[in-house]
Structures are given as structure tokens and as C-alpha cells.
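Structural overview
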Amino acid sequence: MDSSKKAKWSWALYDWANSAFSTTVMAAFFPLFLKDYWSTNQSVTESTWYLAIGNSTASIIVAALAPFLGAVADQGSSRKRFLLVFACMGIIGTGALWQVAQGNWQMAIFMYIIASVGFMSGNVFYDSLLPAVAKKPKYDFVSSLGYSMGYLGGGVLFIINILMYQNPHWFGIQDSTTAIRLSFVTVAVWWAVFSIPIFLFVPESKNKYNIIFSDAVKLGWVQLKTTFSKIKQMRIIGLFLLSYWLYMDGVDTIIRMAGKLALSMGFEASDMLFVLILVQLIGFPAGLLFNWFSSIIKPKNAVLVAILFYTIAT
């Protein structure tokens with residue numbers, strides 16, 4: 001495999017790695033465990049509220065940090081360094097859920113926030129590395145490859161975790177409760193192991209001025225203030241950022257809260273987990289097919305069609 005292909009696959013593998021968090025932890029087992037293990041003395045409404053607070057807090061922290069961190073990384077060519085920091089934060093936060101005692105919903109939410117901030121902030125720098133592995137005409141393809149790999153990787157580990165939960169004796173595990181606790185550890189290990197290639201094989205351009213980190217922080221702050229002062233003059237960029245924020249906020253809310261709301265409405269955990277498996281299995285080919293579809297009618301039109309079908313379906 002030549003270096004360019006190795007870089008593309010290494011970049012895509014990070015999505016394979018960290019999507020285990022969004023599937024096993026964020027969408028499935030954390031909401032389930034929060035309800036049945038960490039907040040056993042609380043009502044369903046209260047545990048749902050705790051999860052909503054956790055998700056909102058993590059999102060606010062990321063929203064506050066991301067513009068500044070992105071500007072700093074641009075100045076100092078430190079994207080991989082920041083990615084490593086936030087990936088480690090997510091991995092440690094996820095693995096630490098194993099240690100949270102029954103009934104201690106406060107610590108569970110705290111570690112979930114740590115892991116979520118690491119997950120979301122890391123994605124800022126992961127996405128920014130796309131130009132390092134693909135030229136502009138290939139952005140859509142490589143991006144869809146990473147997205148599809150995320151569904152596949154997250155789905156593979158999720159199926160293993162489901163089997164651990166439903167048949168703990170197959171794996172020599174004491175019971176289903178221990179299986180869920182162990183699933184958080186498997187996500188942390190999966191995330192760590194499959195993140196290695198992006199740090200080894202994805203290149204990052206060096207800053208030609210050889211700026212040290214402290215200067216990069218200062219220049220990043222200046223760049224951020226300059227960008228905000230000129231945003232009114234960049235109408236298209238401003239509209240894009242606003243529309244993207246509104247769109248992704250809705251999508252992320254569905255991903256994070258759908259499982260918990262389903263449990264709160266009385267759906268069985270087994271039904272929710274089955275639906276999540278279907279989503280993962282469908283998402284892998286759908287991501288690649290969407291790239292083909294967007295190449296025919298253009299990406300903007302493809303997004304509009306997807307939103308239209310989603311609106312009709314709901």
C-alpha cells in the first residue's frame with residue numbers, strides 16, 4: 001500500500017475507533033445503565049433529565065473551546081497533538097465508567113461529560129486533518145469512507161457488547177451488569193488501539209515559521225478575534241455556520257437522547273438495542289452510496305434530499 005492510501009485508511013480508521021463511543025456508550029449502554037444502575041433511587045424523568053444536563057454541558061464546553069482551539073492548532077500546526085489530548089481524555093473518561101459505583105449518578109455523569117468532550121473536541125481536529133490525506137476533488141469520497149468506517153467499526157464492537165450483555169456466560173462474565181461495565185472498558189481499548197494509525201501514518205504540515213506553542217496560543221487568540229470581527233462581511237460563511245449548527249444540533253440531540261427517551265417511554269431495552277444494530281449495519285453501505293448519490297446531484301442537493309426524506313419519515 002502506497003503512503004497516500006495508507007494515510008487515507010489510517011485517517012478513516014479513527015472514525016472506526018471512536019464511533020464505538022457514540023454507539024455503545026452514548027446511544028446504548030450509558031442511558032440504559034444510568035436508568036437501571038446509577039440512578040436506581042431516581043425516577044425515569046429524573047434520570048432522563050440528568051442525561052440531558054450531561055449532554056448539554058458537554059456540548060457547551062465544546063462550543064466554547066472549539067473556535068479557540070482550532071485557531072491555535074492552525075497557527076502551530078498542532079492538530080495531531082490536540083487530537084491526541086482529546087482522544088486520551090475520551091478514552092480515560094470512558095474506561096473510568098467501569099469504576100463508578102451503583103447509585104453514584106453524579107460521578108457517572110461527570111465521567112460521561114469528560115468522555116463526551118474528548119470525543120467531540122477530538123473530532124474537530126480529526127476533521128481538520130482531511131486535507132492532509134486527500135486532495136480537494138477526493139474530499140467527499142474520503143470523508144464518506146471515514147463516516148462509513150465509523151458505522152462499521154462501531155457496529156462490530158456493539159454487536160460484541162450486545163452478546164456480552166445478553167450471554168455473559170459465553171465470555172466467562174458473572175452477569176449482565178458486569179458485562180455492561182466491561183463494555184465501557186472494551187470501548188476505551190478499541191478507541192485507543194485503532195487510533196494509533198492516524199498518529200503514525202497521517203502527515204501534518206509543519207508551520208514554516210516554526211512557531212512555538214505559547215506563541216501559537218497568542219496568535220490563535222488574535223486570529224479568533226479577527227474572524228469574529230469580520231464574520232459580518234463573510235455572509236456565506238456565516239450562513240453556513242448557522243445552518244450547520246442548527247442542523248447538527250438536531251442530529252446530535254437525536255443520537256444522544258433517542259435511546260433514553262425510548263426507555264422512558266416503556267420500550268424494551270432489547271428492542272432499542274436491535275434498532276441500533278440495524279442503524280449501524282445500514283449506515284455502512286449508506287454512507288458510501290450517499291457519496292455516489294452526491295456526486296450525481298451535487299453535495300448540497302443531496303443534503304437537501306436527505307433532510308426532506310428525514311422530515312417525511314418523522
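Because the structure is a prediction, the values reported are computed rather than measured.

About the cut-offs
Residues numbered from 1 in each chain as written. Predicted model: local features only at pLDDT ≥ 70, side-chain atom pairs only at ≥ 80, totals over all residues. Heavy atoms only, no water. Helix = DSSP H or I, 4+ residues; strand = E, 2+ residues; numbered from the N terminus. Polar contact = N/O pair within 3.5 Å; in protein donor to acceptor, adjacent residues only side chain to side chain. Contact = heavy atoms within 4.5 Å. Buried < 20%, exposed > 50% of the residue type's maximum accessible area, 1.4 Å probe, protein only. Phe/Tyr/Trp six-rings, centres within 6.5 Å; stacked < 30°, edge-to-face > 60°. Core = buried A, V, L, I, M, F, W, Y, C linked by side-chain atoms within 4.5 Å. pLDDT = per-residue confidence, 0-100. Bend = angle between axes of the 7 residues up to and from the residue. Salt bridge = Lys/Arg side-chain N within 4 Å of Asp/Glu carboxyl O. Patch = residues over 30% accessible without salt bridge, like charges linked within 9 Å, V, L, I, M, F, W, Y side chains within 5 Å. Areas by Shrake-Rupley, 256 points an atom, 1.4 Å probe, with all protein chains shown as cover.

Re the side chain of Thr24
The topology assignment puts Thr24 in helix 1 (residues 3-38). In terms of polar contacts, Thr24 uses its side chain to reach the side chain of Asn161, at 3.0 Å. Excluding anything up to four places from it in sequence, Thr24 contacts Phe29, Phe30, Leu157, Phe158, Asn161, Ser183 and Val187.

Observations concerning the environment of Ser176
Positionally, Ser176 belongs in helix 7 (residues 176-201). Residue class for Ser176 comes out partly exposed when judged on its relative accessible area of 28%. Separated by twelve residues in the primary sequence, Ser176 and Met164 place their C-alpha atoms 7.4 Å from one another. For Ser176, the contacting residues outside a window of four places in its chain are Tyr165 and Pro168.

Some details on the environment of Glu204
Here Glu204 is to be found in the loop between helix 7 and helix 8 (213-230). Put simply, Glu204 and Ser77 are 127 residues apart on the chain and 7.1 Å apart in space, counted from C-alpha to C-alpha. Leaving out residues up to four positions away in the same chain, Glu204 has contacts with Ser77, Ser78, Arg79 and Lys80. Within the structure, the side chain of Glu204 is placed 2.5 Å from the backbone nitrogen of Arg79, a separation counted as a polar contact. Here the side chain of Glu204 touches Lys80 through a polar contact of 3.4 Å, landing on its backbone nitrogen.

Quick word on the packing of aromatic side chains
This model, assessed by the stated rule, comprises 23 aromatic pairs. Relative to Phe184, the ring of Phe33 lies with its centre 6.2 Å away and its plane at 65°, an arrangement referred to as edge-to-face. On the criterion of sequence distance, the pair formed by Phe33 in helix 1 and Phe184 in helix 7 is long-range, its members being 151 residues apart. For the pair formed by Phe33 and Phe184, the shared burial category is buried. Each ring, one from Tyr50 and one from Trp105, has its centre 3.7 Å from the other, and the planes form 0°; the classification is stacked. Residue Tyr50 is found in helix 2 (residues 44-76), and its partner Trp105 is found in helix 4 (residues 105-128); the two are separated by 55 residues along the sequence.

Some details on the nonpolar core
Judged by nonpolar contacts, the single largest core of 67 residues is most densely connected at Trp11, Phe21, Phe30 and Trp38. Taken together, the elements giving at least two residues each to this core come down to helix 1, helix 2, helix 3 (79-96), helix 4, helix 5 (130-133), helix 6 (139-166), helix 7 and helix 10 (269-297). What Phe30 contacts, discounting residues up to four positions off in sequence, is Thr24, Val25, Trp38, Leu51, Leu97, Ala108, Ile109, Tyr112 and Phe184.

Focus: the confidence of the model for the chain
Confidence in the prediction for the chain averages 85 pLDDT; 89% of positions are at 70 or higher. Of all helices and strands in the chain, the one with the weakest mean pLDDT is helix 8 (68), whereas helix 7 scores best (97).

What to know about helix 1
By the largest-angle criterion, Phe29 marks the main kink of helix 1, which is about 50°, and a proline, Pro31, follows within four residues. In terms of burial, helix 1 is a largely internal element, 27 of the 36 residues being buried.

Examining the pattern of salt bridges
Following the criterion strictly, the structure yields one salt bridge and no others. Among the ionic pairs, Asp36 bridges to Lys35, the shortest N-O distance being 3.1 Å. Looking at Asp36, the relative accessible area reads 44%, which means it is partly exposed.

Brief notes about unusual backbone geometry
The phi dihedral of Lys298 falls on the positive side, at around 80°, and the residue is not glycine. When you line up the elements, Lys298 lands in the loop between helix 10 and helix 11 (299-313). Judged by relative accessible area, Lys298 falls into the exposed class, the value being 59%.

Things to note about a nonpolar patch on the surface
Together, Val156, Ile159, Ile160, Leu163, Trp170, Phe171 and Leu281 make up a nonpolar patch on the protein surface, roughly 590 Å² of accessible area in all. With four residues, helix 6 is the single largest residue contributor to the nonpolar patch. Its place among the elements puts Ile160 in helix 6.

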